[in-house]
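Examining the three-dimensional arrangement
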2 protein chains.
Amino acid sequence: MTTQIKPNKKEVTREKNQNLILNAAEQLFSQLGYEGASMSMVAKEAQVPKANILYYFKSKDGLYEAVIDRIIAHWNLGLDNVTADDDPATVLYNYIKSKVILAINEPFQSRLFASEILRGAPYLQNYFRTNTRPWVKQKVDVFQAWMDAKKIDAIDPYHLLFTIWATTQYYADFQSEVLLVMNKLEYDETDVAQITQSIAHIILKGIGLKVPEQSKA
Amino acid sequence: MTTQIKPNKKEVTREKNQNLILNAAEQLFSQLGYEGASMSMVAKEAQVPKANILYYFKSKDGLYEAVIDRIIAHWNLGLDNVTADDDPATVLYNYIKSKVILAINEPFQSRLFASEILRGAPYLQNYFRTNTRPWVKQKVDVFQAWMDAKKIDAIDPYHLLFTIWATTQYYADFQSEVLLVMNKLEYDETDVAQITQSIAHIILKGIGLKVPEQSKA
DNA sequence: ACATTAATTGACCTTTCGGTCAATAAAGCT
DNA sequence: AGCTTTATTGACCGAAAGGTCAATTAATGT
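All names here are of chain A. With twelve residues, helix α6 (residues 107–118) ought to run about 16 Å at 1.5 Å a step, and its terminal C-alpha atoms sit 16 Å apart, in line with that. Burial analysis of α6 places ten of its twelve residues in the buried class, which makes it a mostly covered element. Along α6, the residues classified as buried are Q109, S110, R111, L112, F113, A114, S115, E116, I117 and L118. Looking at the residues trailing α6, positive phi occurs at G120, about 95°.

Turning to the relation of the copies chain B and chain A, a few remarks are in order. Of the two same-sequence chains, chain B is brought onto chain A (RMSD 0.1 Å, axial shift 0.0 Å) by a rotation of 180°. The transformation just described matches what one would write down for a two-fold rotation axis. Measuring from the rotation axis to each C-alpha of chain B, the shortest distance belongs to G206 of chain B, at 1.8 Å. By residue overlap, the copies meet face to face through one surface: 100% of the interface positions of chain B are interface positions in chain A.

This part takes up the protein's contact with DNA strand D. Close to DNA strand D lie 21 residues; A51 of chain A together with S38, M39, S59 and K60 of chain B are nearest. Of all the secondary structure elements, the ones that give two or more residues to the surface near DNA strand D are α1 (9–36) and α3 (50–56) of chain A together with α1 (9–36), α2 (39–46), α3 (50–56) and α4 (60–72) of chain B. When grouped by side-chain class, the residues that make up the surface near DNA strand D number seven nonpolar, seven polar and seven charged.

In this model, chain A carries an average pLDDT of 92, and 93% of its residues clear a pLDDT of 70 or more. Counting interchain partners and residues more than four positions distant, the pLDDT-below-50 stretch residues 1–6 of chain A has zero contacts.

As a further point, take helix α10 (residues 189–206) of chain B. For α10 of chain B, spanning 18 residues, the distance from its first C-alpha to its last is 26 Å, which sits close to the expected 26 Å at 1.5 Å a residue. Turning to α10 of chain B, its buried residues number three or more, namely I195, T196, Q197, S198, I199, A200, H201, I202, I203, L204, K205 and G206 of chain B. Close packing links the buried residues of α10 of chain B with α8 (157–173) and α10 (189–206) of chain A together with α5 (88–105) and α8 (157–173) of chain B.

Another point: the protein's contact with DNA strand C. Close to DNA strand C lie 21 residues; S38, M39, S59 and K60 of chain A together with A51 of chain B are nearest. Of all the secondary-structure elements, those providing two or more residues to the surface near DNA strand C are α1, α2 (39–46), α3 and α4 (60–72) of chain A together with α1 and α3 of chain B. Broken down by element, the residue count for the surface near DNA strand C peaks at four residues, all from α1 of chain B. Taken together, the residues that form the surface near DNA strand C break down as seven nonpolar, seven polar and seven charged.

By a frequent convention, interface size equals the accessible area lost on bringing the separate parts together. Each partner contributes residues to the interface: chain B has 46 residues there, and chain A has 46 residues. The element best represented in the side of chain B that touches chain A is α10 of chain B, accounting for nine residues. A class-by-class count of the residues in the side of chain B that touches chain A yields 21 nonpolar, 15 polar and ten charged.

Across soluble globular proteins, nonpolar side chains have a tendency to be buried as a group. Core analysis: the largest hydrophobic core is formed by 104 residues, its most contacted members being A25, I96 and I203 of chain A together with A25, I96 and I203 of chain B. In contact with A25 of chain A, not counting residues within four places along its chain, are V42, L63 and V67 of chain A.

Conventions and cut-offs
Residues numbered from 1 in each chain as written. Chains lettered and ligands numbered in written order. Predicted model: local features only at pLDDT ≥ 70, side-chain atom pairs only at ≥ 80, totals over all residues. Helix = DSSP H or I, 4+ residues; strand = E, 2+ residues; numbered from the N terminus. Expected span 1.5 Å × (residues − 1). Buried ≥ 20, exposed ≤ 12 C-beta atoms within 10 Å, placed from the backbone. Least-squares fit on C-alpha atoms with pLDDT ≥ 70 in both. Contact = placed C-beta atoms within 7 Å. Near = placed C-beta within 6 Å. Nonpolar A, V, L, I, M, F, W, Y, C, P; charged D, E, K, R; others polar. pLDDT = per-residue confidence, 0-100. Core = buried A, V, L, I, M, F, W, Y, C linked by C-beta atoms within 7 Å.

This is how it looks when you write it as structure tokens:
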């Protein structure tokens, strides 16, 4: 047996309980917003006394921040090692596809971010400044290089990125509107492909690229 | 003098006070969300006793609904008399442009709608069903006719409409993110044209249309 | 002028909010 | 074993929430 780093019983149950609480909080915050979800609701949902939540996380703010911190990892993926030498069509198609999948599969998390940004991103400002901004800068530079090499049309690279974000997140954040308008009860299995294909068609062709066939595999 | 429909002094002041309250409520709800904005805050902002608000609008719910009702008119404009005979490029370019202008000029209203939809559109469901859905159906039919006539590429017309909505609203709803990422403090006069041009380029070219020159007039 | 109806508002109600605290239980350390 | 530290939790707190009410004031119809 490998020498673990002391799996204290305390540490184990602490982690377990914290995750229980964080799961409940994530769901409630995303459905009701920061003000709409109360500590007692989280307590009831997580089946834990309210005072216990305040013991782990010092305040409602603390709990909210913990929820956000835990989510952030998920949403940084994609476009990670992209360089100017990569093929724009492949890179962008895959990025759009992964974003659509994320939006359809994790709508709660997407909405939690959305409502956070809607309110001026009080808890994300710092993160945006120190993480997202440099990340974006790097991608934008790659886009610009593609434009300089005439691989894609010359448009503002920031707006290109925003267009991808906007179109993909829309299906998570405004799900209720989309479903109501389309007269559906929920997304079905074909929707991910359908949405990906539509968005990819418009955006890729829109910047002068060939649209890849939808991969059937 | 034309015989007005009795401009009672009562009715006049009632209307005036109600608008005072609705303005304050619109601002606060859009900044803080339904739960985040309290009746006393609205009262203080509108410089009116809280009990007076509850006299006019029977409850917080009632006030919120009144705010939404008042806004809805603004957001129905555009694409109104479009037919299959119209020129797709002109129609869509103008629609995108008007949407961008609205997003930049009325971000509060856009965000209020967004946070409403984010929470499942409890107050808008009925409106979506009875108004938006038929409206959309009609536009989608026109899009489809354009596709059948090979005027634009064949993609799902719903997703085309969603793409326009998503990209334009993004600049209002996620303004704080956009500004943080671009390292700006606020949108300037050139941004409306810049955003319109970028979005129109991608979407119009993306469905097989020529991108109109930006109209300088 | 006067009775009636609508508007205004301060005081007050209940409920729920986020948060504290002290008492108890459990686990860890030597 | 016994001592120390960490967890757990019911009871409780002041503040603020949405909402009611009764008393007062101001317009309106006749």
